[in-house]
Amino acid sequence: MKLNSLQDLKQVQKKLADAHAQAQAQAAAQAAAARQREAESNLFARAVGVVQRISHPEPVSISPPAPAPVASQRQKDEKAVLRDSLSDEFDASTLLDTDDALSFRRPGIGRDVTHKLRKGDWSIQREIDLHGLRSDEARLALADFIRLAHRQGLRCLRVVHGKGLGSPGKTPVLKSKVHSWLVQKNQVMAFVQAKPAEGGAGALVVLLKPAD
């Protein structure tokens, strides 16, 4: 380049100075960007910690989650509830012995069983009081009571149904239903009216089959 004057020299020097300043600014920006990347990389490394390479990088087969297990006891209980669906339409009167005191025994069970039950040869192990419950409540409560008692290996129970003195017409409505419900329960071998000291006409003493 041919310089014709001092003015031209100054312009050239200014251009060189501008170019140098621009180069320095660009270099500084690049250095700052590099430091930023390094800082971010170090920050990630500090957050993640020590990373180890997987020694055998093989494809992993991800199986769908297994369905939640269903408790076997709950299934048994649900089946038992179906079996315990007692009917109010079942007429048990023809199956009851109405001798000196009302009683019931399954076919094949001798009279000696109800005789011993009246005498108290089996000690009463548990009882339920249905007196004052509505019919639906009493039916469910009795079904659960018999099922759980049989599962626990209990043999002799007392079921209090009341004498119906508080019912309209003084009629023991729940009493006859309890007779019907108990006859429908396969776990029940026999039952007799309780002795006067154990509830008399307002209660039954029930004998269950031995647990399986």
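Nothing here was measured: the structure is a model prediction, and the numbers come from that model.

About the cut-offs
Residues numbered from 1 in each chain as written. Predicted model: local features only at pLDDT ≥ 70, side-chain atom pairs only at ≥ 80, totals over all residues. Heavy atoms only, no water. pLDDT = per-residue confidence, 0-100. Helix = DSSP H or I, 4+ residues; strand = E, 2+ residues; numbered from the N terminus. Expected span 1.5 Å × (residues − 1). Buried < 20%, exposed > 50% of the residue type's maximum accessible area, 1.4 Å probe, protein only. Arc of directions from axis to C-beta. Contact = heavy atoms within 4.5 Å. Salt bridge = Lys/Arg side-chain N within 4 Å of Asp/Glu carboxyl O. Core = buried A, V, L, I, M, F, W, Y, C linked by side-chain atoms within 4.5 Å. Pairing = 2+ DSSP bridges. Right-handed = clockwise from strand over helix to strand, strands pointing away.

Caption draft 1: Main features of the confidence of the model for the protein. Mean pLDDT over the protein stands at 78; residues scoring 70 or higher make up 63%. When pLDDT is averaged over each element of the protein, strand 4 (residues 156–160) comes out on top at 97 and strand 1 (residues 96–98) at the bottom at 55.

Caption draft 2: Up close: helix 4 (residues 135–151). Its 17 residues place the ends of helix 4 24 Å apart at the C-alpha level, agreeing with the 24 Å of an ideal helix rising 1.5 Å per residue. Within the sequence span of helix 4, burial applies to A138, R139, L142, A143, F145, I146, R147, A149 and H150.

Caption draft 3: Representation of helix 3 (residues 111–119) within the structure. For helix 3, every residue scored as buried is listed here: V113, T114 and L117. Buried residues along helix 3 cover an arc of 95° about the axis, so they all sit on one side. Facing away from the buried side of helix 3 by over 90 degrees, the exposed positions are R111 and K119. In this fold, the buried residues of helix 3 make contact with strand 2 (102–105), strand 4, strand 5 (188–193) and strand 6 (203–208). In the segment just after helix 3, G120 is the residue with positive phi, at about 90°.

Caption draft 4: Representation of the pattern of salt bridges within the structure. Per the stated rule, a full pass over the model turns up four salt bridges. In this structure, R158 and E127 form a salt bridge, with 2.4 Å as the shortest nitrogen-oxygen distance. Remark: E127 occurs in strand 3 (residues 126–129) and R158 occurs in strand 4; sequence separation between them is 31 residues. Taking relative accessible area as the criterion, R158 reaches 18% and is therefore assigned buried. Across the pair R147 and D144 runs a salt bridge whose closest N-O atoms are separated by 2.8 Å. One end of the pair is R147 and the other is D144, both in helix 4 and three residues apart, which spans about a single turn. Residue classification places R147 among the buried residues on the basis of a relative accessible area of 11%. On the basis of relative accessibility, which here comes to 35%, the residue D144 falls in the partly exposed class.

Caption draft 5: Molecular detail of the nonpolar core. Counting residues in each nonpolar core, the largest one holds 22 residues, and the members touching the most others are L142, V178, L182, F191 and V206. Elements with a minimum of two residues in this core: strand 2, helix 4, strand 4, helix 5 (173–184), strand 5 and strand 6. Core analysis: the second largest hydrophobic core is formed by 12 residues, C156, V160, M189 and V205 among them.

Caption draft 6: Expanded view of the side chain of Q187. Summarising the element assignment, Q187 is placed in the loop between helix 5 and strand 5. Residue Q187 is classed as buried on the basis of its relative accessible area, which comes to 15%. Sequence-distant contacts of Q187, that is, excluding residues within four places in its chain, are made with I146, R147, H150, L207, L208 and K209.

Caption draft 7: Here's a closer look at the pairing of strand 5. Burial analysis of strand 5 places five of its six residues in the buried class, the great majority of the element. Pairing between strand 5 and strand 6: five bridges, direction antiparallel. Among the inter-strand pairings, V192 is bridged to a residue of strand 6, identified as V205.

Caption draft 8: Fine view of the pairing of strand 3. Sheet topology note: the strand 3/strand 4 ladder contains four bridges and is parallel. By the bridge assignment, D129 is partnered in strand 4 with V160. Chirality of the crossover, the property in question, places the unit of strand 3, helix 4 and strand 4 among those that are right-handed.

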